[in-house]
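# Results of the structural survey
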Amino acid sequence: MTTTTRTVTRPSVPSCHGDGGGEIVRDGRPVVALVGSPNVGKSSVFNTVTGARRSVGNWAGTSVEVGSGSWRSGGLDAAVVDLPGAYSLDPLSPDEELTRDLLVRPDRAELPDVVVVVVSAADLARTLYLAAQVLEQPLRVVLAVTMGDVATRRGIDVDHAALSLALGVPVVAIDPRRGRVDGLAEAVEEALRTPVPARSLRPCGCDCAPGCSCTCCAAGATADAKADPTAGPAGDAAHLAGDAAHPDGGADGLDGDDELAVADRRFARIAAAVEVATSRRGSARADWTDRVDRVATHPVAGPLLFLSVMWAVFQLTTRVAAPVQGFLDDLVSGPVSDGARWLLSAVGLGGSWVEGLVVDGVIAGVGMLLTFVPLMAIMFALLALLEDSGYMARAAVVTDRVMRAVGLPGRAFLPLVVGFGCNVPAVSATRVLPDARQRLLTVLLVPFTSCSARLTVYVLVASTFFGAHAGDVVFGMYVLSIVLVVVAGLLLRTTLLRSLGQEDLVLDLPRYQRPALRLLGAVTWTRLSAFLRTAGGIIVATVVVVWALSAIQIGERAQEPVRSSAYGRLSTAIAPVFTPAGFGDWHAAGALTVGFVAKEAVVSSWAQTYATAEPADLHQPGGLGASLRGDFERSSGGHTTAAVLAFLVFLLGYTPCAATLAAQRREIGGRWTLVGVGLQLGLAWSVAVAVFQVGRLIA
Amino acid sequence: MVTLASAPFGVPLLLEQAALPAPRRLRLAELGLRPGATVTVLRRTAGGGRIVGVGDARVAVARAVLQQVTAVHAAAPAEKG
């Protein structure tokens, strides 16, 4: 096994127009594709065989793009691609379409060399449907059966040899959640040594007479599909898309009833295989998943539990991390900064511009980010715990009504939940939605979900101004985030997006499972390291730009040199925009301007500008806080609390970062992205002004 | 014959048909909700839908969908015509 990765697929970018597709780019090694229904552990298999750390979760939509990596084990050296989860090769959403397009292709050279279909022993009949369709393609197939332990606990025994015999494919039992994939590489190696099947049994539901010339019969009659371009996958592609040549088909080819008849035969074949390959001890009975669901999906208790869980997540995040944050803050602003100054003095750079850049810029900015590492780690771990346990699917059910109020299905909640971690993958995750207009609306709403980068600012500001109630304020920001999603959704639905499609909730609920510590650790580390890589790069770049702009003096030198710098002049010019919201101060305006690039840089730019303006402050713990308190009090005319709340509201609502804009442009195009930016700025400013003005009257 | 939206909770039902567009019928079938399957409506959900049990699997389904799916009591013979 190896952690080496290289690109072996080049999926085209699925857009709101549903043009998802892709192609496998070969590098000389065999290509192994992993496919499976949602919740069968497919991404866990990918992570285990490649050593990669792809995001995993016990809910549909975890993988919405093609992941790729290398699989080296024994004699196997293959490129492996992880395709989005799909219930079948009859796609209802762009992510499923991507999987279908990579497995059903007219040109065999573009097909993967082996397809590993991952199925669940605990839910064999349902998860075998995709396998049955894949088996109809001219593909080498290996069946990987997961969740044997869950099946055993529920009294289901799977006879893997019998299953293999019934389906005519090699079957391997694995446990990827515990890193056990013994025998899978050998089975793939063995499959690679066998010829590609010309075609497999197709349960054509056409009742064709002998000699029928329809495409599927012609394809089925051809022994060597390579010799006949209409045979094999071309025939199947026609079948899956609708076969206009078929005499029983309507004007558009196979109608729905024909497809359902074909599906019925597949189900019958699966049922027969499951019958001979499984045995059951006792009868199905309510287990703890059902008992928990009585509360988790209850009309009243369900939403209360959801709010309680989210509240607990943010309380734990802020309270547990606070002492460690304080320690790291002291460490960076004390010994680390002092050590850097001593080193620079030792090489003759003490008091120079280099010291200003390194100590007040890079160390102050990156150090501030590092103090948030414990906080981010705790939040990522808790969200991973919820995802891996299976709770997130229940959250989608209880929020279905709220989502429907803005014209979205409950499933749209899933990408929005991802947005609470980071908006960029959330925008991609909208591909689980089948309706193009609903995807468009969801992409436009994702920026209103409060990403983890914003959390760093909330915590700093809330700790500075609200002391022991900081956790409540942070939780309130997340509740407000949901409110903003609803408000923005209603605005869009009643103005620009009046004709939304309607897709009612149909959601598979995975069984609850005990989260695996190994997976939780891996997912937490993946997200944390990605955050640090992105944030670190952005912060260093921003710090350098802000430092350079701060060094350029424009016009008469002010008492505070930064204020008369290019950075200060620009920030001062923008500041009046925020005067009605109570934070028309150039420090705040500058930080928010930098935050347009990335929220990770807001705190660092504050630290940097205050350090440059008041160098002594960062030598003492709480120096930044004292500066913030002073400026907010001045800019708000004494209504500090109202101004701080307005600032937090604006920070929550306005454009999250440049990367999210790029992701939005990829999914919905430049015009709608600009509409989104206008909506974010307009809504954020309006609500912030309202919060300050009302707060000023109340206080 | 009842629709799943009006079916009593906890009673095994034999699913008859779903008057839905073909892609939706197919997706329900892929999730186990297909004609001939024995299902049980387990409970009401927060959104007004139902949790439907199909064997060991659980599917959350909106009320509007369930109103289009008909079933008979599993013990009783299916109505003809």
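These remarks concern the structure in this document. Because the structure is a prediction, the values reported are computed rather than measured.

Next up on the list: the interface of chain B and chain A. With 29 residues of chain B at the interface, the matching set in chain A holds 35 residues. Between chain B and chain A, the buried area comes to about 3,000 Å², and carbon and sulfur atoms account for 58% of it. Of all residues in chain B, B:Arg27, B:Asp56 and B:Arg58 give up the largest surface area on contact with chain A, accounting jointly for 23% of the area buried on that side. Seen at the junction of chain B and chain A, the total is five salt bridges. Across the pair A:Asp290 and B:Arg43 runs a salt bridge, and its minimum N-O distance is 3.8 Å. For the interface between chain B and chain A, the tally reads 12 residue pairs in polar contact (both at pLDDT 80 or more). Mapped by element, the contributors of at least two residues to the side of chain B that touches chain A are helix H1 (22–30), strand E3 (38–44), strand E5 (57–61) and helix H2 (63–66) of chain B. The element best represented in the side of chain B that touches chain A is H1(B), accounting for nine residues. In terms of residue class, the side of chain B that touches chain A is built from 16 nonpolar, four polar and nine charged. Note: strand E9 (residues 506–509) of chain A against E5(B), four bridges, orientation antiparallel. The partner of A:Leu509 across the bridge, within E5(B), is B:Arg58.

The periodicity of an α-helix, 3.6 residues per turn, causes residues three or four positions apart to be oriented the same way. Residue and element names in this part refer to chain A. Between its terminal C-alpha atoms helix H13 (residues 373–389) stretches 24 Å, which fits the 24 Å expected from 17 residues at 1.5 Å a residue. Judged by how many residues are buried, H13 sits mostly within the fold: 12 of 17 residues are covered. Two residues or fewer past H13, Gly390 is found with a positive phi of approximately 100°.

Moving on: the packing of aromatic side chains. Residue and element names in this part refer to chain A. Evaluation of the coordinates by the stated rule reveals 12 aromatic pairs over all chains. Plain terms: the ring middles of Tyr458 and Tyr478 are 6.1 Å apart, the flat faces sit at 85° to each other, and that makes the pair edge-to-face. Of this pair, Tyr458 sits in helix H19 (residues 452–466) while Tyr478 sits in helix H20 (residues 470–494); the two residues are 20 residues apart in sequence, bridging distant segments of the chain. We note that Tyr458, like Tyr478, is buried. With a centroid separation of 5.1 Å and 20° between ring planes, the pair formed by Phe578 and Phe583 is classed as stacked. By the burial criterion, Phe578 is buried, and Phe583 matches it. Taken together, the ring pairs connect Phe465, Phe578, Phe583, Trp606, Phe632, Phe647, Phe650 and Tyr654 into an aromatic cluster. Between Arg394 and the ring centre of Tyr512, over which it is positioned, the NZ or CZ distance is 4.1 Å. We note Lys599 situated over the ring of Tyr654; from NZ or CZ to the ring centre the distance is 3.8 Å.

Rules used in this analysis
Residues numbered from 1 in each chain as written. Chains lettered and ligands numbered in written order. Predicted model: local features only at pLDDT ≥ 70, side-chain atom pairs only at ≥ 80, totals over all residues. Heavy atoms only, no water. Contact = heavy atoms within 4.5 Å. Buried area = accessible area lost by both parts, 1.4 Å probe. Salt bridge = Lys/Arg side-chain N within 4 Å of Asp/Glu carboxyl O. Polar contact = N/O pair within 3.5 Å; in protein donor to acceptor, adjacent residues only side chain to side chain. Helix = DSSP H or I, 4+ residues; strand = E, 2+ residues; numbered from the N terminus. Nonpolar A, V, L, I, M, F, W, Y, C, P; charged D, E, K, R; others polar. Pairing = 2+ DSSP bridges. Expected span 1.5 Å × (residues − 1). Buried < 20%, exposed > 50% of the residue type's maximum accessible area, 1.4 Å probe, protein only. Phe/Tyr/Trp six-rings, centres within 6.5 Å; stacked < 30°, edge-to-face > 60°. Lys NZ or Arg CZ within 6 Å of the ring centre and 35° of its normal.

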